[in-house]
Amino acid sequence: MSNLRATERLIINQLMDHGIFTSTITPQTTGTTADAINALKRTVTQQRLNSYFKNLLGVVPDNYQENLLFLFGDKRLEPESVHVLLATIKAVINLPELQNAQSDRVVPTQTIIRQVHSEVVELDEKEIRRRITHLFVDRFALFVPDMPELGPSDQTQEVEDYWDISPDFNYVAQCLVNHLQAGESAQPTTPMQRVNRALLNKRYLSRDSKLWPELLVHKAEIAEQWAQLERFELECGDDYALLLDRTHQPSKAKPFVVAIAVARSLGVGLPIDKLVPRIHLIIRQIFPEEQVGISLVKQALTDNALITEENGYVSPTPIAKRFVMRTVLEQDEQPTEEES
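Residues numbered from 1 in each chain as written. Predicted model: local features only at pLDDT ≥ 70, side-chain atom pairs only at ≥ 80, totals over all residues. Heavy atoms only, no water.

> How do you make sense of the packing of aromatic side chains when you look at a structure like this?
Any aromatic ring pair is given by two values, namely how distant the centres are and how the planes are angled relative to each other. With the rule as written, the count across this model stands at 10 aromatic pairs. Seen from their ring centres, Tyr64 and Tyr171 are 6.2 Å apart, and the 45 degrees between their planes marks the pair as tilted. In this pair, Tyr64 sits in strand β2 (residues 62-64) while Tyr171 sits in helix α7 (residues 169-182), placing the two residues 107 residues apart along the sequence. Centre to centre, the rings of Phe143 and Phe169 are 5.8 Å apart; their planes meet at 25 degrees, and the pair counts as stacked. Residue Phe143 is found in strand β5 (residues 143-146), and its partner Phe169 is found in helix α7; the two are separated by 26 residues along the sequence. One exposure class covers both Phe143 and Phe169, and it is buried. An aromatic cluster of at least three residues, connected via ring pairs, comprises Phe136, Phe140, Phe143, Trp163 and Phe169. Over the ring of Phe287 we find Lys254; its NZ or CZ atom is 5.8 Å from the centre of that ring. (Phe/Tyr/Trp six-rings, centres within 6.5 Å; stacked < 30°, edge-to-face > 60°. Helix = DSSP H or I, 4+ residues; strand = E, 2+ residues; numbered from the N terminus. Buried < 20%, exposed > 50% of the residue type's maximum accessible area, 1.4 Å probe, protein only. Lys NZ or Arg CZ within 6 Å of the ring centre and 35° of its normal.)

> Explain the side chain of Thr88 here, please?
Tracing the chain through its elements places Thr88 in helix α4 (residues 79-93). For Thr88, a relative accessible area of 0% gives the class buried. Residue contacts for Thr88: discarding those within four places in its chain leaves Ile112, Val116, Ile132, Phe136, Phe143 and Phe169. (Contact = heavy atoms within 4.5 Å.)

> How should the sheet that holds strand β4 (residues 106-108) be read in this particular structure?
Within a sheet, adjacent strands bond to each other through the backbone by hydrogen bonds, running parallel or antiparallel. A sheet is described by the order of its strands in space; here three strands give the open sequence β4-β6-β5, paired in antiparallel fashion. Among the strands making up the open sheet, the edge pair consists of β4 and β5. Looking at each pair of strands side by side, their axes are set apart by 35 degrees on average, direction ignored. In terms of strand pairing, β5 meets strand β6 (residues 162-165) through four bridges, oriented antiparallel. Each bridged residue has a counterpart across the sheet, and for Val144 the counterpart in β6 is Asp164. Contacts between helix α5 (residues 109-119) and the sheet are confined to β4, β5 and β6, with β4 contributing the most and set at about 60 degrees to the helix. (Pairing = 2+ DSSP bridges. Axes fitted to C-alpha atoms, helices over the stretch in contact; angles between N-to-C directions.)

> Where do I start with the pattern of salt bridges in this structure?
Where charged atoms of side chains with opposite charge meet at close range, the side chains can pair. Applying the stated rule across the entire model yields 10 salt bridges. Lys90 is paired through a salt bridge with Glu119; the nearest N and O atoms lie 2.7 Å apart. Of this pair, Lys90 sits in helix α4 while Glu119 sits in helix α5, and the two are 29 residues apart along the sequence. A salt bridge links Arg231 to Asp245, with the nearest nitrogen and oxygen atoms 2.6 Å apart. Here Arg231 is found in the loop between α10 (219-227) and β8 (232-236), whereas its partner Asp245 is found in strand β9 (residues 240-245), with 14 residues between them in sequence. On the basis of relative accessible area, Arg231 is assigned to the buried category, the value being 3%. Residues participating in the shared-partner salt-bridge network are Arg5, Glu8 and Arg48. (Salt bridge = Lys/Arg side-chain N within 4 Å of Asp/Glu carboxyl O.)

> Just to check I follow, could you spell out the sheet that holds strand β1 (residues 20-21) for this structure?
An order of β1-β3-β2 is seen for the three strands of this open sheet, with the pairing classed as antiparallel. A single partner strand is all that each edge strand has here, and the edge strands are β1 and β2.

> Is there a simple way to explain the pairing of strand β12 (residues 313-316) in this structure?
Side-chain direction in a regular strand flips from residue to residue, so the side chains alternate between the two faces of the sheet. Strand direction decides the pairing type here: strand β10 (residues 270-271) and β12, joined by two bridges, are antiparallel. By the bridge assignment, Pro271 is partnered in β12 with Tyr313. Strand direction decides the pairing type here: strand β11 (residues 307-310) and β12, joined by four bridges, are antiparallel. Along β12, the bridge assignment pairs Ile307 with Pro316. Connecting β11 to the antiparallel partner β12 that follows it, the hairpin turn spans two residues, and Asn311 within it adopts a positive phi of roughly 55 degrees.

What follows is the structure, encoded as structure tokens:
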């Protein structure tokens, strides 16, 4: 197995994180990213990238004029997001102010939202804004929020916000459309690829998984594959395997702290409809005087692979044991009447 170059690692890591890698060099582009963009113009780089993805997962990124798209596993688009995505692509491509390839690509957000709303009539404009922001600002970074600078006399006025549209928008849009039209094709996979897919999606495997025997057989090769990206480390315990990501340091935020305590309090499992009351209880134990968002705790539980859901029950994963934290529930005290 050949070692990856720095430019190739950068491209792959960006695809892992955001699902896209774009090819235009702008004044804001860093030197290392510009080097990766130039490297991607070489056929040998594209071949090496495809070889790595094929060996690791059995799939390769979509490529449209050196703009890459990687929608795989938990990066796949949910069906309810596809309509908004396609309507947004249509709205942006048809904007008159973007027809002349001008350097100024700043567009009022409300202009795009209204155009999308004319296509997606089942959603209100507030929900459309939320979904566009999730897809094109937070996920793909094709829109950059842009607020005008205000003078003292403007402070009391309602200010219109804008999106700065990426110069690669049309290329990535074509990638997205091609990907959606092609659909998901079932390709035969090797045992190692199946293990890697599970690690990419969930970040962990337990010994109860059907893939556990394959992981044990190929543990060294799998660890070497991920180590090439210089960010992942495969940690294997007696009853779990965890794909550690050095770019995601353990959070000290309150929702994460609560999530760890909740996971460690679950014992052998808890009915899923009892999860929210349990979160409320743990928050009162740890932060009795502060507000902690329930939705943020639930997100921390799933994002950090601290729990699994099956047959109406939620159970802790072995990852929860990696963190030292004791709560009232772990000391064999009974839940309050409010929770039971």
